[in-house]
Amino acid sequence: MLSGVGRDLRRIVAATAVLFTLVAVLASPALAQSTARPENPGLLVDASTHYIVDPEAGSVSVNIDFLLANTTTDQQVTEFDEVLPEVASDVAASFRGRTLDVSRVGTVDGVSTWRVQLPSVLRPGRTVRLTLSWSMVSEDPAESGASVLINPAFVSLPVASVGSAGSLHAVDVTLPLGFRVIDAPGLTSISDTGAVRIGDSGALDSYVTTTVVATRLAALVPRRVAGLEMAVDVLGWPGDGRWSTEVVNAVKVMVPQLTEWLGTPPVDSIEIREGPAGAYPEVKPGAVVERSATLVVDSSADMGVLGRQLAGMWLASALPEIDWFGPAATAVFGTRAAQMFDPLATGPDETAAGFDPVAYSVVDSLVDEIGADGVAKVIPLVSSGSFTYPGPGDSTVGRLPADWRTLLDSLEEIGGSKKASDLFRRVMTDPADVSALDERASARFDLANLRKLAAGWELPIWIRLPMARWDFATFEVRRVVVDNTLAERNTLTESATAAGLDVGNFVRTAFESETDGMTTTDAVIEDQKSALSAVIEADRVVDSNSGLISRIGLIGTDVAAERAEISAAFEAGDFERARESSDALIGTIDGSNAVGILRVVIPAVIVLAVGSAAGELVRRRGRKSGGGGSEETSEPVA
């Protein structure tokens, strides 16, 4: 069958033989077993390998996404080994964008063992996702021709049990779209348009080394979907209008709906291609979506698959710190978008590898409770590290970690969910996480009571910060302090209201701005209380002063005006002036009797004195007038 390929095909085979050696290595249970280390007998590995192949250049870039699970009950794992071809170059490992340490520890028979350090200790019952990447370049690049050798575009490794049975399920190899298999020695062809399978059984007993020869099919015909924010081309096979028409109509509904829920599409353009049924998996959970994407929907145009692939462009890499959320949200939002177009669109296959039915039910319940837009609203907030207990002073706080704790707080505090805490308990398997949820429940009960006591005032960042950081011990200490301050505030307000005064916003401003204790607020309260006491005392003295003498003493003093000025000073926050004016008014009242006495006695004395002097003068004049007549009559007659 290969005789027609000739010399060029032999060069192609030579150029890519090392790649298929890799496929054989990955497919070999013997080598899968060899990756086990004695100290890690319970490390379960679920891997999916993606090949990005350039047949003309003879280069291969490989990304292997691992989900590692520690199935032991008492052992901790810090590293694992992976077998790669000896010619593998640029070997690197990463965890959520963070580079991990990798080192070659040995080479035997053309394959090398590489040791990967985990980002942290993997405790029993815990899982971690990471990516191992490497590349390989052929010395004899393939040349183009009527028949060309096609390297695998994807190699799917559903389950690899390392350290236990060491068996590896059948390896599915899917060729790039647009090619038809014409020769695949040792392989079982599933579809002429792409997928082949190494071996027939669920577990392989030996290496399978082979090459795949394929020929190009007729070009795909694009149909542009107009009216969307991104360029969408639906690529169907010539003469097949039904499939592409249905997909175009579905995209017109799904993309605007996902945009309404999740915001601007994260890609500039996408291509949607027809593929063999079941050959192409849905968007892989945790996959990083580039600024363009190629989606594959099988010939039946399964709308559920299409919807979840579209949703994956927004959500597949959402909140990577929460390994269960992105895949579950992708499945929920994608299914619901598909059902907007086709109410009978099916949900995800719950038996598929990587699907978490518990996580799916949690996200699905949240969407039922607060709506798709409510769940979608919190995703960018958590991703950006926004503060989860919003209020004044948030700009002074650094980013919060985008983990499940921040997500839970955001769903309840910002999204308005009442059920999130109970729903999250379903996905929490670590006893420490469950214990933290219990502590949080108690703290949130106290927080709710504190908010009631605050009576509309915003709680300061000083008390909200430990809640956002899940530092509930610190929160409890600070809660007592804030509780006492608010109690003093209430006492002040009640006293002022009884006195007909408005306490204003002076205490509130200080309270809501506190960043380091309640010192400033307590000082403002004490200052205002002191002024209020002086004002109340002044009022008491004024009201109790009703004597005539006192009123006479206060003539010329506008007591009402002075009381009004004191009240105005208090309500304006000039507490010192309110105290001084109150003390002055009290002094005036206290001295009014003396002033009144003076004002009554002195005029009386003056009147008496004047009256006495006038009488004396009259008497004197009377005496003087009577004595002169006698003298005249006694003179002798001339």
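Predicted model, so just to flag it, every value in this text is computed and none were measured.

Quick notes on the rules
- Residues numbered from 1 in each chain as written.
- Predicted model: local features only at pLDDT ≥ 70, side-chain atom pairs only at ≥ 80, totals over all residues.
- Heavy atoms only, no water.
- Pairing = 2+ DSSP bridges.
- Helix = DSSP H or I, 4+ residues; strand = E, 2+ residues; numbered from the N terminus.
- Axes fitted to C-alpha atoms, helices over the stretch in contact; angles between N-to-C directions.
- Phe/Tyr/Trp six-rings, centres within 6.5 Å; stacked < 30°, edge-to-face > 60°.
- Buried < 20%, exposed > 50% of the residue type's maximum accessible area, 1.4 Å probe, protein only.
- Lys NZ or Arg CZ within 6 Å of the ring centre and 35° of its normal.
- Contact = heavy atoms within 4.5 Å.
- Parallel < 35°, antiparallel > 145°, perpendicular 65-115°, else oblique.
- Nonpolar A, V, L, I, M, F, W, Y, C, P; charged D, E, K, R; others polar.
- Left-handed = near helix turned anticlockwise from the far one by under 90°.
- Core = buried A, V, L, I, M, F, W, Y, C linked by side-chain atoms within 4.5 Å.
- 1 Å grid on protein atoms, 1.4 Å probe; cavity = no way out; pocket = protein on both sides within 12 Å on 5 of 7 lines; lining within 4 Å.
- Points joined across faces, edges and corners; volume = space filled by probe spheres on them.
- Salt bridge = Lys/Arg side-chain N within 4 Å of Asp/Glu carboxyl O.

## Overview of the pairing of strand E16 (residues 221-225)
If a strand is regular, its side chains alternate between the two faces of the sheet.
Then comes step 1: Two elements, E16 and strand E17 (residues 231-236), share five bridges in a ladder whose sense is antiparallel. Bridge pairing in E17 links Arg223 to Val234.

## What to know about the sheet that holds strand E3 (residues 77-85)
Then comes step 1: The strand order E3-E7-E6 describes an open sheet built from three strands, whose pairing is antiparallel. Whereas interior strands pair on both sides, the edge strands pair on one side only; in this sheet they are E3 and strand E6 (102-108). Within this sheet the neighbouring strands show an average axis-to-axis angle of 30°, counted without direction.
Then comes step 2: Relative to strand E7 (residues 111-122), E3 is paired through eight bridges, and the arrangement is antiparallel. Within E7, the residue paired with Val77 across the bridge is Leu122.

## Quick word on the packing of aromatic side chains
Working definition: an aromatic ring pair is given by the centre-to-centre distance plus the angle between the planes.
Then comes step 1: Summed over all chains, the structure comprises nine aromatic pairs.
Then comes step 2: Arranged with centres 6.0 Å apart and planes meeting at 80°, the rings of Trp324 and Phe325 form a pair that is edge-to-face. Take Trp324 and Phe325: they sit in the same class, and that class is buried.
Then comes step 3: Ring centres of Phe570 and Phe575 lie 5.7 Å apart, and the angle between their planes is 55°; this geometry places the pair in the tilted category. The pair Phe570 / Phe575 is uniform in exposure class, with both members buried.
Then comes step 4: Three or more aromatic residues link up through ring pairs in this structure, and these residues are Trp324, Phe325 and Phe424.
Then comes step 5: The ring of Trp470 is capped by Arg405, whose NZ or CZ atom sits 5.6 Å from the centre of that ring.
Then comes step 6: Lying across the ring of Trp457, Arg489 places its NZ or CZ 4.4 Å from the centre.

## Details of the environment of Leu408
Then comes step 1: In this structure, Leu408 sits in helix H7 (residues 404-413).
Then comes step 2: In this structure, the C-alpha to C-alpha distance between Leu408 and Ser421, residues 13 residues apart in sequence, is 6.9 Å.
Then comes step 3: For Leu408, the residues in contact, after removing those within four places along its chain, are Ala420, Ser421, Phe424, Leu437, Arg440 and Trp470.

## Considerations on the packing of helix H6 (residues 357-383) against helix H8 (residues 420-427)
Then comes step 1: Interhelical geometry of H6 versus H8 gives an angle of 170° and a closest axis separation of 8 Å. Relative to H8, H6 is oriented roughly antiparallel. Where H6 abuts H8, its residues Val358, Ala359, Ser361, Val362, Ser365, Leu366 and Glu369 lie against Ala420, Leu423, Phe424, Arg426 and Val427.
Then comes step 2: Counted by class, the contact of H6 with H8 contains eight nonpolar, two polar and two charged residues.

## Quick word on the packing of helix H9 (residues 431-454) against helix H11 (residues 472-498)
Then comes step 1: Taken N-terminus to C-terminus, the directions of H9 and H11 make an angle of 10°; their axes are 10 Å apart at the nearest point. By the angle between their axes, H9 is roughly parallel relative to H11. Relative to H11, H9 is oriented so that their crossing is left-handed. Mapping the contact onto sequence places Ala436, Glu439, Arg440, Ala443, Asp446, Leu447, Leu450, Leu453 and Ala454 in H9 and Phe472, Phe475, Glu476, Arg479, Val482, Asp483, Leu486, Arg489 and Asn490 in H11.
Then comes step 2: When grouped by side-chain class, the residues that make up the contact of H9 with H11 number 10 nonpolar, one polar and seven charged.

## A word on the nonpolar core
Considering soluble globular proteins, one finds that nonpolar side chains tend to be buried as a cluster.
Then comes step 1: Membership of the largest hydrophobic core comes to 107 residues, with the highest contact counts inside it found for Ile270, Ile272, Leu306, Trp324, Phe325 and Phe333.
Then comes step 2: At 13 residues, H6 tops the list of elements feeding residues into this core.
Then comes step 3: Beyond its immediate stretch of four places on either side in the chain, Phe333 contacts Leu258, Trp261, Leu262, Ala311, Leu315, Val367, Ala372, Val375 and Ala376.

## Thoughts on the environment of Leu295
Then comes step 1: If you trace the backbone, Leu295 turns up in strand E19 (residues 292-298).
Then comes step 2: Leu295 gets classed as buried once you look at its relative accessible area, which sits at 3%.
Then comes step 3: Note: C-alpha distance between Leu295 and Ile272 (23 residues apart in sequence) is 4.7 Å.

## What about helix H10 (residues 461-468)?
Then comes step 1: Most of H10 sits out of view: eight of its eight residues are buried.
Then comes step 2: Three or more residues of H10 are buried, namely Ile461, Trp462, Ile463, Arg464, Leu465, Pro466, Met467 and Ala468.
Then comes step 3: Buried residues belonging to H10 abut H7, H9 and H11.
Then comes step 4: Immediately downstream of H10, the backbone of Trp470 shows phi near 55°, a positive value.

## Digging into the layout of surface pockets
Then comes step 1: Reported here for the second largest pocket is a volume of approximately 280 Å³.
Then comes step 2: Contributing to the lining of the second largest pocket are 14 residues, with Glu412, Lys418, Ser421, Arg440 and Arg444 lying nearest its centre.
Then comes step 3: Sorting the residues of the lining of the second largest pocket by element identifies H7, H8 and H9 as the ones contributing at least two each.
Then comes step 4: When residues of the lining of the second largest pocket are assigned to their parent elements, the largest contribution, seven residues, is made by H9.

## Quick word on the pattern of salt bridges
Then comes step 1: With the rule as written, the count across this model stands at 26 salt bridges.
Then comes step 2: The residue Asp368 makes a salt bridge to Arg336 at a minimum N-O spacing of 2.7 Å. Of this pair, Asp368 sits in helix H6 while Arg336 sits in helix H5 (residues 325-341), and the two are 32 residues apart along the sequence.
Then comes step 3: One network of salt bridges, in which partners are shared, links Asp409, Glu412, Glu413, Arg440, Arg444 and Arg451.

## Concerning unusual backbone geometry
Then comes step 1: Phi at Ala455 is positive, roughly 55°, even though this residue is not glycine.
Then comes step 2: Along the polypeptide, Ala455 turns up in the loop between H9 and H10.
Then comes step 3: Ala455 sits in the exposed class, given a relative accessible area of 57%.
Then comes step 4: One non-glycine residue, Trp470, adopts positive backbone phi at about 55°.
Then comes step 5: Inspection of the secondary structure assignment puts Trp470 in the loop between H10 and H11.

## Things to note about the side chain of Glu412
Then comes step 1: Here Glu412 is to be found in helix H7.
Then comes step 2: Under the relative-accessibility criterion, Glu412 is labelled buried at 11%.
Then comes step 3: Not counting residues within four places of it along the chain, the set of residues in contact with Glu412 comprises Ser417, Ala420, Ser421, Arg440 and Arg444.

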